Amino acid sequence: MRRCSVACAFGLLVLCVSMYPALWSIGVQLRSAFTGSYIPGHHSVLLVNSPTEQAARDIGRAIMERRLAASVNILARTSTMYYWKGEIQDASEILMLVKTKTSRIQQVVEYVRSVHPYANPEVLSFPVEDGNLAYMKWMDEAIPDD
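Residues numbered from 1 in each chain as written. Predicted model: local features only at pLDDT ≥ 70, side-chain atom pairs only at ≥ 80, totals over all residues. Heavy atoms only, no water.

Draft legend 1. Structural view of the packing of aromatic side chains. For the coordinates displayed, the defined rule picks out 1 aromatic pair. A ring pair is formed by Tyr135 and Trp138, whose centres lie 5.2 Å apart and whose planes are at 45°; its orientation type is tilted. Of this pair, Tyr135 and Trp138 both sit in helix α4 (residues 133-142), 3 residues apart, which is roughly one turn of the helix. Overall, the relative accessible area of 32% leaves Tyr135 in the partly exposed class. (Phe/Tyr/Trp six-rings, centres within 6.5 Å; stacked < 30°, edge-to-face > 60°. Helix = DSSP H or I, 4+ residues; strand = E, 2+ residues; numbered from the N terminus. Buried < 20%, exposed > 50% of the residue type's maximum accessible area, 1.4 Å probe, protein only.)

Draft legend 2. Main features of the pattern of salt bridges. Throughout the structure, instances matching the rule amount to 3 salt bridges. When the shortest N-O distance is used, the salt bridge between Arg57 and Glu53 registers 3.0 Å. Residue Arg57 and its partner Glu53 are both found in helix α2 (residues 53-65); the two are separated by 4 residues, about one turn of the helix. The shortest N-O distance in the salt bridge between Lys137 and Glu141 comes to 3.2 Å. (Salt bridge = Lys/Arg side-chain N within 4 Å of Asp/Glu carboxyl O.)

Draft legend 3. Local environment of the pairing of strand β3 (residues 78-84). Across 7 bridges, β3 lies against strand β4 (residues 87-101) in antiparallel orientation. By the bridge assignment, Thr78 is partnered in β4 with Glu93. Where β3 hands over to β4, the hairpin turn is made up of 2 residues, of which Lys85 adopts a positive phi near 55°. (Pairing = 2+ DSSP bridges.)

Draft legend 4. Looking closely at the packing of α2 against helix α3 (residues 105-115). The geometry of α2 relative to α3 is characterised by a closest axis approach of 11 Å and an angle of 140° between their N-to-C directions. If you check the angle between α2 and α3, you find them oblique. Helix-helix and strand crossings are classified by hand; for α2 and α3 the assignment is right-handed. Of the residues in α3, those in contact with Ile59, Ala62 and Ile63 of α2 are Val108, Tyr111, Val112 and Val115. Taken together, the residues that form the contact of α2 with α3 break down as 7 nonpolar, no polar and no charged. (Axes fitted to C-alpha atoms, helices over the stretch in contact; angles between N-to-C directions. Parallel < 35°, antiparallel > 145°, perpendicular 65-115°, else oblique. Left-handed = near helix turned anticlockwise from the far one by under 90°. Contact = heavy atoms within 4.5 Å. Nonpolar A, V, L, I, M, F, W, Y, C, P; charged D, E, K, R; others polar.)

Draft legend 5. The arrangement of the pairing of strand β1 (residues 43-50) in detail. Extensive coverage of β1 is indicated by the burial of 6 of its 8 residues. Where β1 meets β4, 8 bridges bridge the pair, whose relative direction is antiparallel. For Asn49, the partnering residue across the bridge sits in β4 and is Leu95. Examined bridge by bridge, β1 and strand β5 (residues 123-127) share 5 bridges and lie antiparallel to one another. Residue pairing for β5: Val45 is matched across the bridge by Phe126.

Draft legend 6. Here's a closer look at α4. Residues Met136, Met139, Asp140 and Ala142 constitute the buried set of α4. One side of α4 holds all its buried residues, which, seen down the axis, span an arc of 165°. In this structure, α4 carries Ala134, Lys137 and Glu141 as exposed residues pointing more than 90 degrees from its buried face. The elements touched by buried residues of α4 are β1 and β4. By the N-cap criterion, in which a side-chain oxygen at the helix start approaches the backbone nitrogen of a residue two or three places on, α4 is capped by Asn132, the distance to Ala134 being 3.0 Å. (Arc of directions from axis to C-beta. Polar contact = N/O pair within 3.5 Å; in protein donor to acceptor, adjacent residues only side chain to side chain.)

Draft legend 7. Local environment of the side chain of Asp140. Along the chain, the position of Asp140 falls in helix α4. A distance of 3.1 Å separates a polar atom in the side chain of Asp140 from a polar atom in the side chain of His42. Apart from the residues within four sequence positions on either side, Asp140 is in contact with His42, His43 and Lys101.

This is the structure we're talking about:
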């Protein structure tokens, strides 16, 4: 009898943990719908540098086609300084701003790493703390749930 209660408790724990992401997403949508508020960190912006505009466009389009982001901005050429092999390097790069759900960050990072021309591409994420609620609702609609 004790084995059954331990096994049942463990099974319930596993079920709860596995359902957490889906329940969190539903909770965020319900809270937002009822209160008109935003839960900080539900969305994120990723910075991704690319060596050329064409590479940025290819990566950005593929991210959009995979529905991993609601929007990708490709900014004009930027000047970059960084350390590489112990020396300061100067380069020109194209910066992408990828706007997505925080729950999709790892999928975006994995995809970018798999296709990016750099051996070690820059992919940094920043949580969105607040903003235009209508825009963030649109982002939720543009990116399917996990």
